[in-house]
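Listed below, chain by chain, are the residues.
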There are 2 protein chains.
Amino acid sequence: MISFGDRLRSVVDAHGRLCLGLDPHDSLLQQWGLESTAEGARSLAMTALEAAHGRVGIVKPQAAFFERFGAAGYAVLEEVISTARAAGLLVIADVKRGDIGSTAAAYGEAWLAPGSPLESDAMTAVAYQGLGSLDPVIALATQHGKGVFVLTSTSNPEGRDLQQSVSGSGRSVAGQLARDVAVRNAGASGWGSIGVVIGATESITASGIDPVLLQHTPVLGPGFGYQGSRLSDLASVYGVASGSVIPTVTRSVLSAGPAGLAAALDEHRAELESA
Amino acid sequence: MISFGDRLRSVVDAHGRLCLGLDPHDSLLQQWGLESTAEGARSLAMTALEAAHGRVGIVKPQAAFFERFGAAGYAVLEEVISTARAAGLLVIADVKRGDIGSTAAAYGEAWLAPGSPLESDAMTAVAYQGLGSLDPVIALATQHGKGVFVLTSTSNPEGRDLQQSVSGSGRSVAGQLARDVAVRNAGASGWGSIGVVIGATESITASGIDPVLLQHTPVLGPGFGYQGSRLSDLASVYGVASGSVIPTVTRSVLSAGPAGLAAALDEHRAELESA
C-alpha cells in the first residue's frame, strides 16, 4: 500500500503542485450560460476536468455546490470524482466534515473508504471537537492510503478571533493544531498523509503557526488568484513551509469560461514555476 | 412568516421538548437485522419516524450515516426528511457544515432553502472559521423561518483544549461563541432562531459558558442516555439555561429495536417530565 503522502509527492513530481478547485456556484454557472441545476454543475465540472487533464495533477471539488441539488447533485459528484480518478487525477474532496466517534467514522467511510460511491483520495476535515475527534477518519485514511487535510488557519477575517485564541500550551489554536498534525506525520521520510489547510492571505507565522514544523506535512493553500494572494507570494506567506504547499486556484481559472480555461491554467502554472 | 424560534416553541408546547436522533449506524443496523445499505438506513429511519409520531415533536437525522451511501443514501435522506416534515415533525439536520462566503451560502441553500430536496427546519453548523463566516447561512435561515444550531461545547474530552482556549475577550472559545450567538437573538420575545449545541456531560459553566445569556437561545443537547448523562441531570448541567434545552436521545432509544422503540421513547419522556 502506497501512503497518500507518497502518492501526493508522485503526482506533484509528475504534474506540478497546482490544484484546481471545482466550485460550480451560481455566478459561474450563469457566466458559463449553464442552468443552476445538477446538470449545469456536471457540465461545468466535466469541462474543467478536461482542461485539467495533463495540466494539473490534483483537483478539489467543493461538495457544498453539489449538495444543494440533493441526491441528484451527489450523483453528479460521484461521477465527477470517479471520472477524475479514472483519468489519474488526485481528488481532494473539500467537505470540511467533522464529528466524533462512529459519526466521524461514517464521514471517513463516505469519502475515503475503497468502493464508497464518493471515494476520493483525500478529504478536508474540521477539528472544532479536537484533532482527536478525527482519529476514526485518520485511522481509516491511513489504512487505505488516503489523506486528511485539517482546517487550521483560514483566510477570512471572521476566523481570526477563534483561531488566534490561546490554548493551554500557550500556542494559538491554529498553531497548536498545526503542531498536533505535524506530530502525526513524524517519522515520514517525505510527506505524511495528514495535511493542514492554511489560507494564503497573510504570513502564517502571524497565525502562530511555526512553518518549520511543516516540512513533512502537506499544506493545502486555498485562496490563490481570487481571494487576494498571488502564486508569486508563496514564499512570503508560507516561509520555509513553502515547499509543502499545494496551492489551489478556482475562480480565477473557472471565470475564464470554457474557452479560456486551459490558457488560464497554463498562465497560473507558469506563474507558480517562476515563483 | 413565523420565525424558527417561535415554531420550535409551538412544537415543544404541543409535544414536549424531547428530540429523537436518527443515526442508522452499522451496529444498530446489524442489531435490527438490517443490511448496511441505503435501504437498511431507510428502514430504520422510517420505523423510527412511525414511533416518533405523536410521541416527540422533533427529530434529528445524522447526515453522515446517509452520506456514506452516496447519492443513494441522500435519496433516502430526502425521503426521511420530507416524510418527517409532512407528518408535522420539526427536522433538525445534523450536518455540522461550515465554510465561508458563497460556499457557506450553498450549504445553507442545501439544507434550509424552501424547495431544496434536503429542505429541513434547521441545521447544525460549525464556526471554526468564526461565527461571522456563517452569516450567509444565518441570513438565509432568518429569511425563510429556519434555524441554525452552532456547535459550541461538545461532550468529547478531545474537544476541551480547543473549546477552552482563551479568546481575545478573555472568554473561552465556547463561552465567546455562546455569547455571540445570544447577541444575535437579542430582542426575541421568546426563543431566537439561532441556537447552540452544548453537550451534556458536565456543567456548562465549566466550559466558560454563562447560562444566563441563553434565556432566548435554544440549546440542542445531544448525548443523553447513551453518552453518559441522564435526562434527570438537565438542571445540574445547564443551570438557568435548562428551560432552553432540547435534549436529544438517539442510541438509548434506537437500540431498543423496532419492537421496543415506542416504549423506550415513552420512558425517556416520563423521565424528562419528572426532571
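Thresholds applied
- Each chain has its residues counted from 1, following the order in which its sequence is written.
- Written order determines the labels here, with chains lettered from A and ligands numbered from 1.
- It should be noted that, the model being predicted, local features are given only for residues of pLDDT at least 70 and side-chain atom pairs only at 80 or more, the latter also being counted only at that level, while totals for whole chains, interfaces and linings use all residues.
- By the criteria applied, helices consist of DSSP H or I runs no shorter than four residues and strands consist of E runs no shorter than two, each listed in order from the N terminus.
- Two things to know: the radius of gyration comes from C-alpha atoms, and the globule rule equals 2.2 Å times the number of residues to the power 0.38.
- With C-beta atoms placed from the backbone, the exposure class of a residue follows from how many other C-beta atoms lie within 10 Å of its own: 20 or more, buried; 12 or fewer, exposed; in between, partly exposed.
- C-beta atoms are first placed from the backbone for all residues, and any pair lying within 7 Å is then listed as a contact.
- In this comparison the copies share one frame, found by least squares on the C-alpha atoms of residues holding pLDDT of at least 70 in both.
- Should DSSP find at least two bridges between two strands, the strands are regarded as paired.
- With its strands directed away from the observer, a crossover is right-handed exactly when the path from the first strand over the helix to the second travels clockwise.
- Residue type decides the class: Asp, Glu, Lys and Arg count as charged, Ala, Val, Leu, Ile, Met, Phe, Trp, Tyr, Cys and Pro as nonpolar, and the leftover types, Gly among them, as polar.
- Whenever a helix is involved, its axis is fitted only over the stretch in contact; in every case the axis is a line through C-alpha atoms, and angles between N-to-C directions fall within 0 to 180 degrees.
- Throughout, a crossing is termed right-handed when the near helix is turned clockwise from the far one, and left-handed when it is turned anticlockwise from it by less than a right angle.
- Nonpolar cores are identified as sets of buried Ala, Val, Leu, Ile, Met, Phe, Trp, Tyr and Cys residues joined via C-beta atoms within 7 Å.
- Scored from 0 to 100, pLDDT reflects the predictor's confidence in each residue.
- Expected helix span is given by 1.5 Å per residue-to-residue step, counting one fewer step than there are residues.
- One axis fitted to the seven residues ending at a residue, another fitted to the seven starting there: the angle between these axes is the bend at that residue.

Asks: Talk me through the overall build of chain A; I want residue IDs and the actual numbers.
Replies: Of the regular secondary structure elements, chain A holds 12 helices and 8 strands. Computed over its C-alpha atoms, the radius of gyration of chain A comes to 17 Å, within 12% of the 19 Å expected for a compact globule of 275 residues. For the C-alpha atoms alone, the extent of chain A along its principal axes is close to 50 × 40 × 35 Å. Each of the 275 residues in chain A was classed as buried or not, and the buried ones make up 59%. A separation of at least 24 residues holds for 73% of the contacts in chain A among residues at least 6 apart in sequence.

Asks: Go over unusual backbone geometry, please, and point to the residues and values.
Replies: Phi is positive for Lys96(A), close to 45 degrees, though the residue is something other than glycine. With respect to the element layout, Lys96(A) can be found in strand E3 (residues 90–97).

Asks: Which residues make up the relation of the copies chain B and chain A, and what values do they have?
Replies: Between chain B and chain A, the superposition needs a rotation of 180 degrees and an axial shift of 0.0 Å, giving an RMSD of 0.0 Å. Both copies are brought into coincidence by an operation consistent with a two-fold rotation axis.

Asks: Give a description of the pairing of E3(A) that names residues and reports values.
Replies: All names here are of chain A. Within E3, 8 of the 8 residues are buried, leaving the element largely enclosed by the surrounding structure. Of the two faces of E3, both are covered, the one formed by Leu90, Ile92, Asp94 and Lys96 as well as the one formed by Val91, Ala93, Val95 and Arg97. In terms of strand pairing, strand E2 (residues 58–61) meets E3 through 2 bridges, oriented parallel. Within the sheet, the bridge partner assigned to Ile58 lies in E3 and is Leu90. Handedness of the E3-helix H6 (residues 101–112)-strand E4 (residues 122–125) crossover: right-handed.

Asks: Please set out the interface of chain B and chain A residue by residue, giving values where relevant.
Replies: Listed by partner, the interface residues are 43 residues for chain B and 43 residues for chain A. For the side of chain B that touches chain A, the secondary-structure elements that each account for two or more residues are helix H4 (64–67), helix H5 (70–86), helix H6 (101–112) and helix H8 (160–163) of chain B. Sorting elements by how many residues they give to the side of chain B that touches chain A places H6(B) first, with 6 residues. Per-class residue counts for the side of chain B that touches chain A are 18 nonpolar, 17 polar and 8 charged.

Asks: Now, about the packing of helix H3 (residues 38–52) of chain A against helix H12 (residues 257–274) of chain A: what can you tell me, with residues and values included?
Replies: All names here are of chain A. Contact geometry of H3 with H12 gives a least axis separation of 9 Å together with a crossing angle of 35 degrees. For the element pair H3 and H12, the recorded crossing hand is right-handed. On H12, the residues that touch Thr47, Ala48 and Ala51 of H3 are Pro258, Leu261, Ala262 and Leu265. In the contact of H3 with H12, the residues fall into 6 nonpolar, 1 polar and no charged.

Asks: Now, about the environment of Leu8(B): what can you tell me, with residues and values included?
Replies: All names here are of chain B. Relative to the assigned elements, Leu8 resides in helix H1 (residues 4–15). C-beta crowding within 10 Å serves as the criterion here: with 25 such atoms nearby, Leu8 is assigned to the buried category. Distance in space between the C-alpha atoms of Leu8 and Gly147 is 9.1 Å, their sequence separation being 139 residues. Other than its neighbours up to four places away in sequence, Leu8 contacts Leu90, Gly147, Trp191 and Pro218.

Asks: Can you explain the environment of Ser155(A)? Please cite residues and give values.
Replies: Residues and elements named next belong to chain A. Mapping Ser155 onto the fold places it in the loop between strand E5 (147–153) and helix H8 (160–163). Residue Ser155 is classed as buried on the basis of its C-beta count, with 21 C-beta atoms lying within 10 Å. As a C-alpha pair, Ser155 and Pro114 span 41 residues in sequence and 32 Å in three-dimensional space.

Asks: Give a detailed account of helix H7 (residues 135–143) of chain A, specifying residues and quantitative values.
Replies: Within the span of H7(A), buried status applies to Pro136(A), Val137(A), Ile138(A) and Ala141(A). Those residues of H7(A) that are buried lie in contact with helix H1 (4–15), H6, E4, E5, helix H9 (173–184) and strand E6 (194–198) of chain A.

Asks: Describe in detail the nonpolar core, supporting the description with residues and values.
Replies: Core analysis: the largest hydrophobic core is formed by 188 residues, its most contacted members being Val148(A), Val150(A), Val148(B) and Val150(B). The residues touching Val148(B), leaving out its near neighbours within four places in the chain, are Ala122(B), Met123(B), Ala125(B), Leu134(B), Val137(B), Ile138(B), Ala141(B) and Ile194(B).

Asks: Provide a residue-level description of the sheet that holds strand E3 (residues 90–97) of chain B, including the pertinent values.
Replies: Residues and elements named next belong to chain B. The strand order E1-E2-E3-E4-E5-E6-E7-E8 describes a closed barrel built from 8 strands, whose pairing is parallel. Ignoring which end each strand starts from, the neighbouring axes of this sheet average 30 degrees apart. Sheet topology places strand E7 (residues 219–224) next to strand E8 (residues 245–249); 4 bridges connect them, and they run parallel. Along E8, the bridge assignment pairs Phe224 with Val249.

Asks: With reference to specific residues and values, describe the sheet that holds E5(A).
Replies: All names here are of chain A. Ordered by their spatial adjacency, 8 strands build a closed barrel running E1-E2-E3-E4-E5-E6-E7-E8, and the pairing between neighbours is parallel. Here the strands of the sheet are splayed against their neighbours by 30 degrees on average, with no regard to which way each runs. H3 rests against strand E1 (19–22) and E2 of the sheet, and its axis sits at about 170 degrees to E1.

Asks: Give me the lowdown on the pairing of strand E7 (residues 219–224) of chain A, citing residues and values where you can.
Replies: Residue and element names in this part refer to chain A. Most of E7 sits inside the fold, with 6 of its 6 residues counted as buried. In the sheet, E6 pairs with E7 via 2 bridges, with the strands oriented parallel. Among the inter-strand pairings, Val196 is bridged to a residue of E7, identified as Val219.

Asks: Break down the confidence of the model for chain A for me, with residues and values.
Replies: The predicted coordinates ought not to be read in detail in places where the model reports low pLDDT. A residue-level look at chain A finds 99% of positions with pLDDT of 70 or above and a mean pLDDT of 96. Here the prediction assigns the complex a pTM of 0.98, and the interface score ipTM is 0.97.

Asks: Could you give an account of helix H12 (residues 257–273) of chain B, naming the residues involved and the relevant values?
Replies: All names here are of chain B. The terminal C-alpha atoms of H12, which comprises 17 residues, lie 23 Å apart, in line with the 24 Å expected from a rise of 1.5 Å per residue. Where H12 bends most, the angle comes to about 25 degrees, and this point is Ala263. Inspection of H12 places Leu261, Ala264, Leu265 and His268 among the buried residues, and these make up the whole buried set. In the core, the buried residues of H12 are packed alongside strand E1 (19–22), helix H3 (38–52), E8 and helix H11 (251–254).

Asks: So what's going on with the packing of H6(B) against helix H7 (residues 135–144) of chain B? Which residues, and what values?
Replies: All names here are of chain B. Where H6 contacts H7, the axes come no closer than 7 Å and their chain directions differ by 35 degrees. When the axes of H6 and H7 are compared, the crossing they make is right-handed. Every residue of H7 that contacts H6 at Gly101, Ala104, Ala105, Tyr107, Gly108, Glu109 and Leu112 is listed here: Pro136, Val137, Leu140, Ala141 and His144. When grouped by side-chain class, the residues that make up the contact of H6 with H7 number 8 nonpolar, 3 polar and 1 charged.

Asks: Lay out the environment of Ile58(A) in plain terms, naming residues and giving numbers.
Replies: All names here are of chain A. For Ile58, the location among the structural elements is in strand E2. Spatially, the C-alpha atoms of Ile58 and Ala84 are 9.0 Å apart, while their sequence positions differ by 26 residues. In this structure, Ile58 is in contact with Val11, Cys19, Leu89, Leu90, Ile92 and Ile246, ignoring residues within four places of it in sequence.

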